[in-house]
Every structure is written in C-alpha cells, then in structure tokens.
Amino acid sequence: MIVDPIRCKGHGICTLKFAERIDLDKWGYAVIDSEPFEEERLIKRAQRAVAACPEHALSIDE
Ligand code: SF4
C-alpha cells in the first residue's frame, strides 16, 4: 500500500478502515506500514481504505 504525500490532506479516515497498517503522524497525515501482506482479510481492509480516502491518495501496490 502506498500513500501519495501530495494528495494526502490528513483527514484520517483511512486509519479507521485499516488500522493494522495505516497510522497517522502528529499532523494527521497517513503513514503506511509497507510490510507486504497477502491475507484476504487485510486485502479487503486495504481496499476499503483506498475507497474511503476522499483525496484518492491511497493505492495498493501489487
Ligand atoms: S483518508 Fe486519505 S487524505 Fe485522509 S489521511 Fe488517509 S490517505 Fe490522507
């Protein structure tokens, strides 16, 4: 999972959808744990986070 730091506006919605891998820095911008994952459960949560970001700042790297 990748965050585009230019697009990210720090809404923080993403961490509510995928708290296992997305944290927020002290200004509220997304910080991604870049450890790869293959579990279906985590992939679904990642997809929900991508869909929820109002700035389209998140993407899933295959
Ligand atoms: S929801 Fe999108 S814009 Fe908001 S913190 Fe997460 S990545 Fe950034």
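Everything here concerns the structure above.
In this text, all values refer to a predicted model and were calculated from it rather than measured experimentally. In every chain, residue numbers begin from 1 and rise along the written sequence. Confidence filtering applies because this is a predicted model: local features only for residues at pLDDT of at least 70, side-chain atom pairs given and counted only at 80 or more, and all residues used for totals across whole chains, interfaces and linings. Heavy atoms from the whole structure form the basis of all side-chain values; hydrogens and water molecules are not counted.

S.K.: Talk me through the side chain of Thr15; I want residue IDs and the actual numbers.
M.R.: Put simply, DSSP H or I for four residues or longer makes a helix, DSSP E for two residues or longer makes a strand, and each gets a number counted from the N terminus. Relative to the helices and strands, Thr15 resides in helix α1 (residues 13-17). Ignoring any residue separated from it by four or fewer positions in sequence, one finds Thr15 in contact with Ile22, Asp23 and Leu24. A contact between two residues is defined here by any heavy atoms of the two lying within 4.5 Å.

S.K.: Outline the side chain of Arg21, supporting the account with residue identities and numerical values.
M.R.: With respect to the helices and strands, the residue Arg21 is situated in the loop between α1 and β2 (22-24). Partly exposed residues are those whose accessible area sits between 20% and 50% of the maximum for their type, while under 20% is buried and over 50% is exposed, using a 1.4 Å probe and protein chains only. Charge assignment: positive for Lys and Arg, negative for Asp and Glu; neither His nor the chain ends contribute. Definition used for salt bridges: Asp or Glu carboxyl oxygen within 4 Å of a side-chain nitrogen of Lys or Arg. Despite its burial, Arg21 pairs with no opposite charge; the closest candidate is Asp33, at 4.1 Å N-O. Throughout this description, a polar contact denotes any pair of N or O atoms lying within 3.5 Å of each other; where both atoms belong to protein, one of them has to be capable of donating a hydrogen while the other can accept it, and for residues adjacent in sequence the pair is counted only when both atoms sit in side chains. Polar contacts involving the side chain of Arg21 include one to the main-chain carbonyl oxygen of Glu35, which spans 2.6 Å. When residues no more than four places from it in sequence are discounted, the contact partners of Arg21 are Val31, Ile32, Asp33, Glu35, Pro36, Phe37 and Leu42.

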